[in-house]
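Next come the chains, spelled out residue by residue.
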Amino acid sequence: MSSLSQRLRDARTGAELDPLIAEIPYARFLGLASARLDDGELVLWMRYADHLIGDSRIPALHGGTLGALLESTAVFTVLRSTGATHLPKTVTLTIDYLRSGRALDTFAAARVTKRGRQIVIVQAEAWQDDRERPVASANLHFLLRSV
């Protein structure tokens, strides 16, 4: 079994996500790490780095990095909640940018709102220093692969 397959299996069974994140080059580029809150909720953490800035005049995080954080959080949440054996395929991704992401660490959490036999709908939210003031939110549809 490949290392990535093993990490994926471990992530589904409740092991830490950081070894799986380390296997994904773009997740490493984003500086992603996982955390869990007291209630067991999965939260992804994107550590601030200069290369994540999209507008250096403000400075503000690039929207693509926020979108990638939201999508990654949703994917890992689907893996955890469905026991999928393969990475789910993103069908739709709609992002609402609510305010500028400042040059700070950013956090994201997601929840499955509907699960069918093949399609899973997820809502995700990203925030910085106050969870009650999100910087972006997303609605995602995933196809669970049976292959």
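The model shown is predicted, which means the values in this text are computed figures rather than measured ones.

Undergrad: Mind showing me how you'd approach the overall build of the protein here?
TA: Across its full length, the protein carries four helices and eight strands. The order of helices and strands in the protein, counted from the N terminus, is α-α-α-β-β-β-β-α-β-β-β-β. For the protein, buried positions account for 37% of its 147 residues. Across the protein, every contact between residues at least 6 apart in sequence was considered, and the portion connecting residues at least 24 apart equals 55%. Looking at the protein as shown, the accessible area adds up to about 8,000 Å², and 51% of this sits on carbon and sulfur atoms.

Undergrad: Would you explain the pattern of salt bridges in this entry?
TA: If the charged atoms of two oppositely charged side chains come close together, the side chains can form a pair. According to the stated counting rule, one finds three salt bridges in the structure shown. When the shortest N-O distance is used, the salt bridge between Arg 131 and Glu 41 registers 2.8 Å. Of this pair, Arg 131 sits in the loop between β7 (119–127) and β8 (136–143) while Glu 41 sits in the loop between β1 (32–36) and β2 (42–46); the two residues are 90 residues apart in sequence, bridging distant segments of the chain. Arg 131 sits in the partly exposed class, given a relative accessible area of 30%. When its relative accessible area of 22% is taken as the criterion, Glu 41 is described as partly exposed. A salt bridge links Asp 55 to Arg 57; the nearest nitrogen and oxygen atoms lie 3.1 Å apart. Relative accessible area serves as the criterion here: at 74%, Arg 57 is assigned to the exposed category.

Undergrad: Help me understand the confidence of the model for the protein in this model?
TA: Low-pLDDT stretches of the model should not have their predicted coordinates read in fine detail. This prediction gives the protein a mean pLDDT of 88; 87% of its residues lie at or above 70. Per-element confidence in the protein ranges from a low mean pLDDT of 56 for helix α1 (residues 3–12) to a high of 98 for β8.

Undergrad: Is there a simple way to explain the packing of aromatic side chains in this structure?
TA: Geometry of an aromatic ring pair is reported as the spacing of the ring centres plus the angle between the planes. Taken as a whole, this structure holds three aromatic pairs when the rule is applied. Centroid distance Trp 45 to Phe 107: 6.5 Å. Interplanar angle 15 degrees. Geometry classified as stacked. Here Phe 107 lies in strand β6 (residues 106–115) and Trp 45 lies in strand β2, a separation of 62 residues in the sequence. Three or more aromatic residues link up through ring pairs in this structure, and these residues are Trp 45, Phe 107 and Trp 127. Positioned over the ring face of Trp 45 is Arg 47, at 4.9 Å from the centre of the ring.

Undergrad: How should I be thinking about the environment of Ile 58 in this particular structure?
TA: With respect to the element layout, Ile 58 can be found in the loop between β3 (53–55) and β4 (60–61). For the pair Ile 58 and Gly 101, spaced 43 residues apart in sequence, the C-alpha to C-alpha distance is 9.8 Å.

Undergrad: Is there a simple way to explain helix α4 (residues 63–82) in this structure?
TA: Quick reminder: α-helices carry 3.6 residues per turn. Residues three or four places apart thus point the same way. In this model α4 runs 28 Å from its N-terminal to its C-terminal C-alpha over 20 residues, within 8% of the 28 Å that 1.5 Å per residue would give. Taken across its 20 residues, α4 has 14 buried, putting it largely inside the fold. Downstream of α4 by a residue or two, Gly 83 has a phi angle that is positive, lying close to 70 degrees.

Undergrad: Looking at this structure, how should I read the nonpolar core?
TA: Grouped together as the largest cluster of nonpolar side chains are 34 residues, with contacts concentrated most on Leu 32, Met 46 and Phe 76. Elements with a minimum of two residues in this core: α2 (18–22), α3 (25–30), β2, α4, β6, β7 and β8. It is α4 that provides the largest number of residues to this core, a total of nine residues. When sequence neighbours within four positions are dropped, the list of residues in contact with Met 46 reads Leu 30, Gly 31, Leu 32, Leu 52, Leu 61, Thr 65, Leu 66, Leu 69, Asp 105 and Thr 106.

The rules behind these values
- Residues numbered from 1 in each chain as written.
- Predicted model: local features only at pLDDT ≥ 70, side-chain atom pairs only at ≥ 80, totals over all residues.
- Heavy atoms only, no water.
- Helix = DSSP H or I, 4+ residues; strand = E, 2+ residues; numbered from the N terminus.
- Buried < 20%, exposed > 50% of the residue type's maximum accessible area, 1.4 Å probe, protein only.
- Contact = heavy atoms within 4.5 Å.
- Areas by Shrake-Rupley, 256 points an atom, 1.4 Å probe, with all protein chains shown as cover.
- Salt bridge = Lys/Arg side-chain N within 4 Å of Asp/Glu carboxyl O.
- pLDDT = per-residue confidence, 0-100.
- Phe/Tyr/Trp six-rings, centres within 6.5 Å; stacked < 30°, edge-to-face > 60°.
- Lys NZ or Arg CZ within 6 Å of the ring centre and 35° of its normal.
- Expected span 1.5 Å × (residues − 1).
- Core = buried A, V, L, I, M, F, W, Y, C linked by side-chain atoms within 4.5 Å.

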